[in-house]
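Residue strings, one per chain:
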Amino acid sequence: MSAYTSIYQALTKGRTPMPPSEAARLLSELRTETGVDLADGVRDFATTEFQPGPTDSRAIHRRKKAKYGAAIACADWVLTAVGARPTMPNQRTRSTS
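As the structure is a computational prediction, the values presented were derived from the model and not from experiment. Residues take numbers from 1 onward in each chain, read along the sequence in its written order. Residues qualify for local features only when their pLDDT is at least 70, as the model is predicted, and side-chain atom pairs are given and counted only at 80 or more; totals for whole chains, interfaces and linings, by contrast, use all residues. Each side-chain value is worked out from all heavy atoms of the structure, with water and hydrogens disregarded.

## Observations concerning the pattern of salt bridges
The salt bridge criterion pairs a side-chain nitrogen of Lys or Arg with a carboxyl oxygen of Asp or Glu, the two atoms within 4 Å. For the structure shown, the criterion picks out four salt bridges. For Glu 22, the salt bridge goes to Arg 25, with nearest N and O atoms at 2.5 Å. Of this pair, Glu 22 and Arg 25 both sit in helix 2 (residues 20-49), three residues apart, which is roughly one turn of that helix. Across the salt bridge formed by Asp 56 and Lys 64, the nearest N and O atoms sit 2.9 Å from each other. Here's how the labels work: a residue is buried when its accessible area is under 20% of the maximum for its type, exposed when over 50%, partly exposed in between, all with a 1.4 Å probe on protein chains only. Judged by its relative accessible area of 24%, Asp 56 is partly exposed. A single salt-bridge network, built from bridges that share partners, covers Glu 22, Arg 25 and Glu 29. In this description a helix means any DSSP run of H or I spanning at least four residues, a strand means any run of E spanning at least two, and both kinds are numbered starting from the N terminus.

## Observations regarding a positive patch on the surface
For patches, a residue must show more than 30% relative accessible area and have no salt bridge; joins then use 9 Å for like charges and 5 Å for nonpolar side chains, namely Val, Leu, Ile, Met, Phe, Trp and Tyr. Computed with the Shrake-Rupley method and a 1.4 Å probe, the accessible areas treat only the protein chains shown as cover for residues. Here Asp and Glu are counted as negative and Lys and Arg as positive; His is not counted, and neither are the chain ends. For the purpose of locating charges, the reference atoms are NZ of Lys, CZ of Arg, CG of Asp and CD of Glu. A cluster of like positive charges, contributed by Arg 58, Arg 62, Arg 63 and Lys 67, occupies part of the molecular surface. When its relative accessible area of 49% is taken as the criterion, Lys 67 is described as partly exposed.

## Here we look at the environment of Asp 37
Within the fold, Asp 37 resides in helix 2. Relative accessible area serves as the criterion here: at 54%, Asp 37 is assigned to the exposed category. Residues Asp 37 and Ala 75, spaced 38 residues apart in sequence, show a C-alpha to C-alpha distance of 9.9 Å.

## Regarding the packing of aromatic side chains
Pairing of aromatic side chains here covers Phe, Tyr and the six-membered ring of Trp, requires ring centres within 6.5 Å, and sorts the geometry by plane angle: under 30 degrees stacked, over 60 edge-to-face, intermediate tilted. Counted by the stated rule, this structure contains one aromatic pair. Relative to Phe 50, the ring of Phe 45 has its centre 6.1 Å away and its plane inclined at 85°; by these criteria the two rings are edge-to-face.

## A closer look at helix 2
Between the first and last residue of a helix there are one fewer steps than residues, each counted as 1.5 Å, and that sum is the expected span. With 30 residues, helix 2 extends 43 Å from end C-alpha to end C-alpha; this agrees with the ideal 44 Å at 1.5 Å per step. Within helix 2 the residues assigned to the buried category are Ala 23, Leu 27, Gly 35, Ala 39 and Ala 46. Buried residues along helix 2 sit against helix 1 (3-12) and helix 3 (58-81). We call two residues in contact whenever any of their non-hydrogen atoms come within 4.5 Å of each other.

This is how it looks when you write it as structure tokens:
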């Protein structure tokens, strides 16, 4: 049983039961807050860890830049996965007329 299922059951079957819709809304907010906190932590880590140093060669700078980009992409994915960031539909840039 997942943690969310346990929490949901505790909220809806406790002494003063919460309506299922309210419990689901609270759990959704919790998931979003957790995802945003995780994404912020990944961004902070990437910013401090992959800063180019004054003595870094171009190759080291390129590697750090690539790792920074991967970490930011991961943070963006987490935000999308928890629904904290709306997904944008693909846009056509060419005219069809």
